[in-house]
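A closer look at the structure
The residues making up each chain are set out below.
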Amino acid sequence: MRNIKNIDKDWLFSKEASTVPSVLPQNWEPVDLPHTWNGVDGQDGGNDYYRGKCFYAKQIKASDMPQGDEVYIQLDGVNSTGVVYFNGKELIIHHGGYSSFRAKLTDIKEDNLLVVTADNSPNDFVYPQMADFTFYGGIYRDVTLIGVNSSHFDLDYYGAPGIAVTPKIEGKDAQIEMQAYANGEVEFTVTDGETVVACVSADGKNPKATVTINDVHLWNGTKDPFLYTLTARLIKDGEAVDEVSCRFGCREYKIDPQKGFILNGKEYPLRGVSRHQDRPKIGNALLPEYHKEDIELICEMGANTIRLAHYQHAQYFYDLCDEKGLVIWAEIPYISKHMPAGVENTKTQMTELISQNYNHPCIVVWGLSNEISMNGVSDGLIENHKMLNDLAHSMDKTRPTTIAVVTMCSPDNEFVKIPDVLSYNHYFGWYGGNTDMNGPWFDNFHKKYPNRAVGISEYGCEALNWHSYAPEQGDYTEEYQAHYHEELIKQIADRPYLWATHVWNMFDFAADARAEGGENGMNHKGLVTFDRKYKKDAYYAYQAWLSDKPMVHICSKRYVDRTENPAKVTVYSNQPEVEIFANGESIAKQTKAKYPFFYFTVPNDGETKITVKAGNLTDESVIKKVDKPNEDYIMKEEGSVINWFEIDTPVGYFSINDTIGDILSTFKGKLYAIKLVKIILNALSDGKDKKEKTEKEKGKKKEKGISIMGFSLNKTMIDMAKGFTLKRALMMLGGKFTKEQILQINADLNKIKKPSK
């Protein structure tokens, strides 16, 4: 029978080596797996983390090998190109950092040298190469040895488990189609816990069998994620020589353009988050307890779906999603930029994703790409999507395909129409536009394309430990993030036709190229901090909306010192009534309206202990009256920050705090805008003539009109620009304007009257 041995312990590592050693090196660094060399430099900013080839080595005695006629090595994650050498012989090259791969060990000796190279060097043929996250190098998931009989379930096909199970619901029963990838007689057994539900044998090459489960127990999302187990035994001369098993769930679902996601015949709105897997100092090199903690935090919030972005995640995490009933969007890292030389790699990664994860009931869609049109839409990109779409359908006839489309890409673009369903990445209210643009955009889409299912694959904004009583777009305060998500929750809740919505992101994550928000190297859009220690206020907004477990939460607990009096206090609760107290005195009582958000004001004199009660639940916080803003609450960002108290905002006159759209609404505002555009263009060009365009750039345009980054300048893009405050627009120009220049622009605007209301 099959014997599996984990060999994560006692490896040697080198970043300096240049050749595969013939004997075990004595001067390399001892490490245990999982391991990455980018745990620190991939998270500190500067986009200068080491990307190159590193070496891992381990000596294995024959007596330490698992028993079997043949021995395979399985590596569950080597980023991004892995090469395996055994006793100096190259066994396999694998391109793709997020999926499992195997190789058979040959010529096993008494003492054996195993060497693995991991290479995350930039190239033009392995995805991802351009994305907003760190590409950690290393062997960052488990390595195991598998000893098997010479007759065994297939170990050579794309890291697949050797069996596939396809349930089909028929009334109260389920037909279970089972296929084994082996030659010979296979005995299939389906169990419900300890009880055998069905047992059947089949013979031949890759034999199939079908059994019926009467009165089937459905896998019903978070309400009842019931799992069966399929065990397959390969029989030779009357004895089992190999065995594999998997858990599976019996469910049926569809995605309806009008009603959204429907699970087992009932509407089941998918409302949840996206997840990146990395952690401080260890990057992607996660232990099981880290995956488990992530799942527990997501479930505690009340989410029922996760978009596992932007690559294949660990098998253990998919297993946890099966167990918890979370509905999963699984995708490959075909992201941001189409690479003509990477077409074969997208095919391989899609084949591995489906082959290795086919049996997981949690997965309901295969994602073909993410924001792939960022650098324009070419014929090659369109053909690549058609190929992937056909491949996914040929490998799995039960699941639809999808893509995550960037805002600027028109729904009429040819490649957007290729998958079965789609979702959009919209950041109205963060990267331009206003929060109230989200709902109308989807309403317009839904009206124009009533037969196309659409969802939100990304939305969010960033927050660190900055605070303000007057939060605004782009200030990175916890208060603005909370406001943003309150508004998005309201708009999503009113649109049941959205088949799935995924917050970007559940956790802060490393993106070494980033330099914003006051902490370089990070994307801070998480509802929970990178270390998983602090749940931001927005986390509790979703818990109040999605969770059935009673809860109450006072926002802005870290915002203690306040200049305003009275002070605003926001409370989230899923309870019918909330009462607020200041130093023990009842101030107000509110009944829950349509949404689970409660807004109060309390006196702010001296130090005030705030208490809220909701049913049997209480929560507390403290505020203090101060004369000047606490500098610790104000974002410090080198070379670009103008704080709110430095900007003159005379009543009835414009300032850089006003939106571009509002400024353009007046005649004098339009005149000043013409002058300002000239100033901006001059700053961006640094005196160079920017009118010239290469023929190559012109050839990329697929639509009529003015083109920006390959996209036609359309109403959505214009509305996004109008939604920016002028301050945010100027700050996002990469330091082209000094603080003094921006304040001068503000002074100019202070002379232009706003229209009377």
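Overview of the structure. (Residues numbered from 1 in each chain as written. Predicted model: local features only at pLDDT ≥ 70, side-chain atom pairs only at ≥ 80, totals over all residues. Heavy atoms only, no water.)

The next thing to look at is the overall build of the chain. When you go through the chain residue by residue, the secondary structure sums to 13 helices and 44 strands. The C-alpha atoms of the chain give 28 Å as radius of gyration, which agrees with the globular expectation for 757 residues (27 Å, within 12%). A total of 757 residues make up the chain; the buried ones form 58% of that total. Here the chain contributes 87 positively and 104 negatively charged side chains, and the mean placements of these two sets differ by 7 Å. (Helix = DSSP H or I, 4+ residues; strand = E, 2+ residues; numbered from the N terminus. Rg over C-alpha atoms; globule rule 2.2 N^0.38 Å. Buried < 20%, exposed > 50% of the residue type's maximum accessible area, 1.4 Å probe, protein only. Lys, Arg positive; Asp, Glu negative; His and termini not counted. Charge placed at Lys NZ, Arg CZ, Asp CG, Glu CD.)

Along the chain, Thr-231 turns up in strand β20 (residues 228-236). Other than its neighbours up to four places away in sequence, Thr-231 contacts Glu-187, Phe-188, Thr-189, Glu-243, Val-244 and Ser-245. (Contact = heavy atoms within 4.5 Å.)

Here we take up the packing of aromatic side chains. A full pass over the atoms with the stated rule returns 27 aromatic pairs. Taking 5.1 Å as the distance between ring centres and 75 degrees as the angle between the ring planes, the aromatic pair formed by Tyr-127 and Tyr-334 counts as edge-to-face. Taken together, the positions of Tyr-127 in the loop between β10 (111-119) and β11 (138-139) and Tyr-334 in the loop between β27 (327-331) and α3 (343-357) put the pair 207 residues apart, joining distant regions of the chain. Comparing Tyr-127 with Tyr-334 shows no difference in burial state: the two are buried. Between Tyr-424 and Trp-441, the ring centres sit 4.6 Å apart and the planes meet at 55 degrees, which makes this aromatic pair tilted. With a gap of 17 residues between them, Tyr-424 in strand β30 (residues 422-425) and Trp-441 in helix α5 (residues 438-448) connect regions that are remote in the sequence. Using a relative accessible area of 12% as the deciding quantity, one classes Trp-441 as buried. Among the aromatic residues, ring-to-ring pairing joins Tyr-98, Phe-133, Phe-135, Tyr-140 and Tyr-311 into one connected group. Positioned above the aromatic ring of Phe-317, the side-chain terminus of Arg-275 is 3.8 Å from the ring centre. In this structure, Arg-558 packs its charged tip against the face of Tyr-534, placed 3.7 Å from the ring centre. (Phe/Tyr/Trp six-rings, centres within 6.5 Å; stacked < 30°, edge-to-face > 60°. Lys NZ or Arg CZ within 6 Å of the ring centre and 35° of its normal.)

The quantities given are spatial measurements derived from coordinates; they are silent on function.
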